[in-house]
Amino acid sequence: MSAALPQHPLLAFYGDDFTGSTDAMEVLAANKLPTLLFLRQPTETEITVASKRFAAIGIAGISRAQSPTWMDEHLPAVYAALQQVGASVCHYKVCSTFDSSPTTGNIGRALTLGRTAFDAQIATPVVVGAPQMRRYTCFGHLFASSGADGDVVRIDRHPTMSAHPATPMNESDLRLHLSSQAALRIGLLDTAAQQSGGNDSDQQLNELLENHDAVLFDVMDSHSQARTGELIWLLAEKHRIQQIQLQGQQQTQPTIPLFCVGSSGIQYALVAHWAQLWPELVEQQYLSAESVDRIAVVSGSCSPVTAEQITTALTDGFADVRVDTVALLNELTRDTERARIKRVAISALDKGMSPLIYSACGPDDTEITRLLAFIDEHRL
C-alpha cells in the first residue's frame, strides 16, 4: 500500500525565465500533478486559494537576464511569497545548460539570497542533470546534447552554449562555475558515491550537508535520478517535521520549505521518487496537442538548432515576421515596431498562414551584432 499524499503543496518554484518555468510546469503536469504557474508575483490571497487546489505552484520570472543588484532588490520578495505556499520544497529553477555569469543571471547570488530567505541550516541541494533532456552531470561536470540528434558534449565545448552571446559557458565543472559567482563552499555527491550506496554513502552526504553551502548531486541515469529525488524528499520531510515539532500544535505560520537550486532535473528527480511513493496518483501521461490549421510562433533564440527550425518552417510556408530588435529596445520606436509586428502577424493569420515571429536566425545573424552595438552605445 502506498504512502498517503500530503495535504499541503509538494513544491513551489520560481523560474528564472518564462520558458524554463513552463518546462518545470510541464514535468509536473505530465505526471498528473496539478500545477499553477503565475506570470507575475501573486498576492497573499491568491497564494492561499491556490495552495488548497494545486500540488505545485510556480512563478515565472526574468532573473536569468538580470544583474545581482536586481536580484538583491526583487528575489527576497519572491522567496517570501513562495514560502507562503506551505510546500515541502522550494526550487529556484534555472536552465539545464546552467549558463550564467557573475554579472548576468548570477545563480550563485540567487542561491545565496535563497539560503538567507529560507534560513538554510544545511547545504542547499543543486540538481542539473536531466537524462530526459539529454543533460548529464558526472563528477561535477555538465554534459549536454549538441542538438536534436547530436552528440553529447561537455558544456564548455557545446557549439551553442560555449559561444552564447550573453552568458557563454567556459567551465564545465559546476562547482567552479558557481564559485566564480559567489563565495560558496560547494560539495559534490558524485556518481561513485551514489553507486556505493549503504551507510558510507549516507555518511558522506551528511558530512557534505553539514560542511558546505551547496551540494551538487550527479545525475547520469534513471537510477541516480530517482535516488536523488528520494534523498531530497527525505531531507525536505525531515526539515518539515522538525519545524512542526518546534512550533507545536499552535502552528500559525507555514513551515519553511527546503530550498533547492537547479534545472527541471529537480522536478524529474522528485517525480521519479513520488511515483514510487504514490503510484496510484503520480504517473507519466503522454500528452499531445491536437492538430490545428494555424499557429503563431515566437522565437528569441539564437541557437543553430533554432535557426534550422526557422529555416524549415519558412520553407514550409510559415509567414516570415522578422523582429527589428533595436527598434523594440529604442523607446522612440518601440510602440511603432510592436504595432507593425502585431499587424503583420494578424494579417498572416487572416490569410490562413502561421506567423513565425523571430529576433534572429542563428548565432551568426547580423541582427545580434547590431543589437549588441546598440546596447553598448546606450549603456543598457
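Scroll up to find the structure this text is about.
Residues numbered from 1 in each chain as written. Predicted model: local features only at pLDDT ≥ 70, side-chain atom pairs only at ≥ 80, totals over all residues. Heavy atoms only, no water.

J.: Honestly, the overall build of the protein chain in this entry has me stumped. Any pointers?
T.: The number of helices and strands found in the protein chain is 13 helices and 14 strands. Here the protein chain has a C-alpha radius of gyration of 22 Å; the compact-globule value for 380 residues is 21 Å, and the two agree. In terms of overall dimensions, the protein chain has C-alpha extents of about 60 × 40 × 40 Å along its principal axes. Residues counted as buried form 48% of the 380 residues belonging to the protein chain. Computed over 27 positive and 42 negative side-chain charges, the inter-centroid distance for the protein chain is 5 Å. (Helix = DSSP H or I, 4+ residues; strand = E, 2+ residues; numbered from the N terminus. Rg over C-alpha atoms; globule rule 2.2 N^0.38 Å. Buried < 20%, exposed > 50% of the residue type's maximum accessible area, 1.4 Å probe, protein only. Lys, Arg positive; Asp, Glu negative; His and termini not counted. Charge placed at Lys NZ, Arg CZ, Asp CG, Glu CD.)

J.: Sorry if this is basic, but what is going on with helix H10 (residues 304–315) here?
T.: Counting along an α-helix, one turn takes 3.6 residues, and residues three or four places apart therefore face a common direction. Here H10 spans 17 Å end to end across 12 residues, near enough to the 16 Å set by a 1.5 Å rise per residue. Buried within H10 we find Thr306, Ala307, Ile310 and Ala313. Along H10, the residues classed as buried sweep out an arc of 130° about the axis, all on the same side. Among the exposed residues of H10, those oriented more than 90 degrees off its buried face are Glu308 and Thr315. On the buried face of H10, the contacting elements are strand S12 (297–299) and strand S14 (355–358). Phi turns positive, to about 110°, at glycine 317, one or two residues after H10. (Expected span 1.5 Å × (residues − 1). Arc of directions from axis to C-beta. Contact = heavy atoms within 4.5 Å.)

J.: What exactly am I supposed to notice about the pairing of strand S5 (residues 124–127) here?
T.: In the case of a regular strand, side chains alternate between the two sheet surfaces. Here S5 shows a buried face lined by Thr124 and Val126 and a second buried face lined by Pro125 and Val127. When S5 meets strand S10 (residues 214–217), the two strands line up parallel, connected through four bridges. In the sheet register, valine 126 faces S10, and the bridge partner there is leucine 216. Here S5 pairs with strand S11 (residues 258–262) via two bridges, running parallel. (Pairing = 2+ DSSP bridges.)

J.: Sorry, what's going on with the sheet that holds strand S13 (residues 319–322) here?
T.: Strand-to-strand pairing in sheets goes through backbone hydrogen bonds, with the strands running parallel or antiparallel. Judged by pairing direction, the sheet is parallel, and its three strands sit side by side in the order S12-S14-S13 without closing on themselves. In the strand order of this sheet, the two ends are held by S12 and S13, each with one partner. Between one strand axis and the next, the sheet turns by 20° as a mean value, whatever way the strands run. On the sheet, H10 packs against S12, S13 and S14 and is oriented at approximately 150° with respect to S14. (Axes fitted to C-alpha atoms, helices over the stretch in contact; angles between N-to-C directions.)

J.: What should I look at first to understand the packing of helix H1 (residues 18–29) against helix H9 (residues 265–277) in this one?
T.: Two numbers describe a pair of packed helices, the interaxial angle and the distance between the axes. Look at H1 against H9: their axes get within 10 Å of each other, and the N-to-C directions meet at 10°. Judged by the angle between their axes, H1 and H9 are roughly parallel. For the pair formed by H1 and H9, the contact residues are Ala24, Val27 and Leu28 on the first element and Gln267, Tyr268, Val271 and Trp274 on the second. Here the contact of H1 with H9 is composed, by residue class, of six nonpolar, one polar and no charged. (Parallel < 35°, antiparallel > 145°, perpendicular 65-115°, else oblique. Nonpolar A, V, L, I, M, F, W, Y, C, P; charged D, E, K, R; others polar.)

J.: In this structure, what is going on with the packing of helix H8 (residues 222–247) against H9? I would like to understand it.
T.: Two elements in contact, H8 and H9, have axes whose closest approach is 7 Å; the angle formed by their N-to-C orientations is 80°. Classified by the angle their axes make, H8 and H9 are roughly perpendicular. The residues of H9 that touch H8, namely those facing Gln225, Ala226, Thr228, Gly229, Glu230, Ile232 and Trp233, are Tyr268, Ala269, Leu270, Ala272, His273, Trp274, Gln276 and Leu277. In the contact of H8 with H9, the residues fall into nine nonpolar, five polar and one charged.

J.: Before we go on, may I ask you to explain the side chain of threonine 137 in this structure?
T.: By secondary structure assignment, the location of threonine 137 is in strand S6 (residues 135–138). Side-chain polar atoms of threonine 137 contact the backbone nitrogen of valine 219, separated by 2.9 Å. (Polar contact = N/O pair within 3.5 Å; in protein donor to acceptor, adjacent residues only side chain to side chain.)

J.: Honestly, helix H2 (residues 44–51) in this entry has me stumped. Any pointers?
T.: When H2 is considered as a whole, its buried residues turn out to be Ile47, Ala50 and Ser51. For H2, the buried positions fall inside an angular range of 95° around the axis, keeping them on one side. Looking at the buried residues of H2, the elements they touch are strand S2 (35–38), strand S3 (56–60) and helix H3 (68–83).

J.: What is the right way to read the pattern of salt bridges from this model?
T.: Side chains carrying opposite charge are able to pair once their charged atoms draw close together. Applying the stated criterion across every chain yields a total of 16 salt bridges. Arginine 154 serves as the salt-bridge partner of aspartate 156, at 2.8 Å between the closest nitrogen and oxygen. Between arginine 185 and aspartate 213 there is a salt bridge, and its shortest N-O distance comes to 3.1 Å. Of the two residues, arginine 185 is situated in the loop between helix H5 (174–179) and strand S9 (186–189) and aspartate 213 in the loop between helix H7 (198–211) and S10; the sequence distance between them amounts to 28 residues. (Salt bridge = Lys/Arg side-chain N within 4 Å of Asp/Glu carboxyl O.)

J.: Where do I start with the packing of aromatic side chains in this structure?
T.: Aromatic ring pairs: the centre-centre distance and the angle between the two ring planes describe each pair. With the rule as written, the count across this model stands at eight aromatic pairs. Judged by centre distance (5.8 Å) and plane angle (20°), the rings of tyrosine 14 and tyrosine 92 are stacked. Remark: tyrosine 92 occurs in strand S4 (residues 89–93) and tyrosine 14 occurs in strand S1 (residues 11–15); sequence separation between them is 78 residues. Tyrosine 92 carries the same exposure label as tyrosine 14, and that label is buried. Each ring, one from tyrosine 79 and one from tyrosine 92, has its centre 6.5 Å from the other, and the planes form 70°; the classification is edge-to-face. Here tyrosine 79, found in helix H3, pairs with tyrosine 92, found in strand S4; they are 13 residues apart in sequence, far enough to count as distant. With relative accessibility at 1%, the residue tyrosine 79 sits in the buried group. Through pairs of rings, three or more aromatic residues link up here, namely Tyr14, Tyr79, Tyr92, Phe118 and Phe259. (Phe/Tyr/Trp six-rings, centres within 6.5 Å; stacked < 30°, edge-to-face > 60°.)

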